[in-house]
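So the chains spell out like this:
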Amino acid sequence: FIAIFCCICCYSQNTEKPALDSLLQDVYDIRFSVVSGDMELESFSPVFKLLKVYDTIKDPKLQAKTNRALGYFYSSTFEFDTAISYYEKALENYEQSEQWRSYADVSKQLAMLHCDLRQFDRAEAILLKSLEIAQQHDLGFYVLKPLHEIAIFYSYHKNVPEKGIEFGKLFQENLEHFKRQG
C-alpha cells in the first residue's frame, strides 16, 4: 500500500510540471489586438486557469515561473501595480531557489515597469541589486544585462550622463571580454 501511495504521489508531482509548463506557455502566447481595440474574454482562459491553480503550486521553481508569467500578462494589459506584485514574488522565488539568471531577467522587467510609473529610485535599486547579484554569483555574460540597463537608466531616466557613460564603459569592457572568450 505504501509503495502504491508513493508512486501515485511521485506521478502527480511529475505530471504537474508539464501541464503547468504548457499553461504558462499559453499565457505567454496570448495576443492582444491593438487594432480592433477589444479582446475576447475567452482569450484570457489560460490566465483564469493559472489563477485557479495558483495556490496549489508548491514547487518554488514553478511558483517563480508562474509569478513571472502573471507579471508578464498583467504588464501586457497595463495593470502595472499587479504586474509589479507578481514580478516581485518571482524575484523572491528566484532568490530563494538561487536561480540567478532568471533573477536578472525579471529584474529588468520589474525595473522597466517602475520607470514607466516614474518610480526611478525603486528602478535604480532593483537594477543595482541585479548587477550585484550577477557579479557575486559569477553569472558570466548575464552581467551584461544589468550593466546595459543601468547605462540606459542613468543616461535616459536619471539624466546623469557621467554615470551612464561609466556603466556603458563597463558594459563595453565586459562585452569585449566575453567576445574574446567565445
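In this text the structure is predicted, and so the values were computed from the model without any measurement. (Residues numbered from 1 in each chain as written. Predicted model: local features only at pLDDT ≥ 70, side-chain atom pairs only at ≥ 80, totals over all residues. Heavy atoms only, no water.)

Draft legend 1. The arrangement of helix α7 (residues 144–157) in detail. Here α7 contains 14 residues, and its C-alpha end-to-end distance of 19 Å stays within 8% of the 20 Å for a straight helix at 1.5 Å per residue. Within α7, burial applies to Leu-144, Pro-146, Leu-147, Glu-149, Ile-150, Ala-151, Phe-153 and Tyr-154. Lining the buried residues of α7 we find α5 (100–116), α6 (120–136) and α8 (161–181). Of the residues one or two after α7, Asn-159 is the one with positive phi, at around 55°. (Helix = DSSP H or I, 4+ residues; strand = E, 2+ residues; numbered from the N terminus. Expected span 1.5 Å × (residues − 1). Buried < 20%, exposed > 50% of the residue type's maximum accessible area, 1.4 Å probe, protein only. Contact = heavy atoms within 4.5 Å.)

Draft legend 2. Looking closely at the confidence of the model for the chain. Here the chain averages 84 in pLDDT, and 81% of its residues register 70 or above. Note that pLDDT drops below 50 for residues 1–15; the model gives that stretch zero contacts with residues more than four away or on any other chain. (pLDDT = per-residue confidence, 0-100.)

Draft legend 3. Here's a closer look at the nonpolar core. In terms of nonpolar packing, the biggest core is built from 48 residues, with Leu-70, Tyr-74, Phe-153 and Phe-167 touching the most fellow members. Those residues in contact with Tyr-74, other than ones at most four positions away along the chain, are Val-47, Leu-51, Glu-79, Phe-80, Thr-82, Ala-83 and Tyr-86. (Core = buried A, V, L, I, M, F, W, Y, C linked by side-chain atoms within 4.5 Å.)

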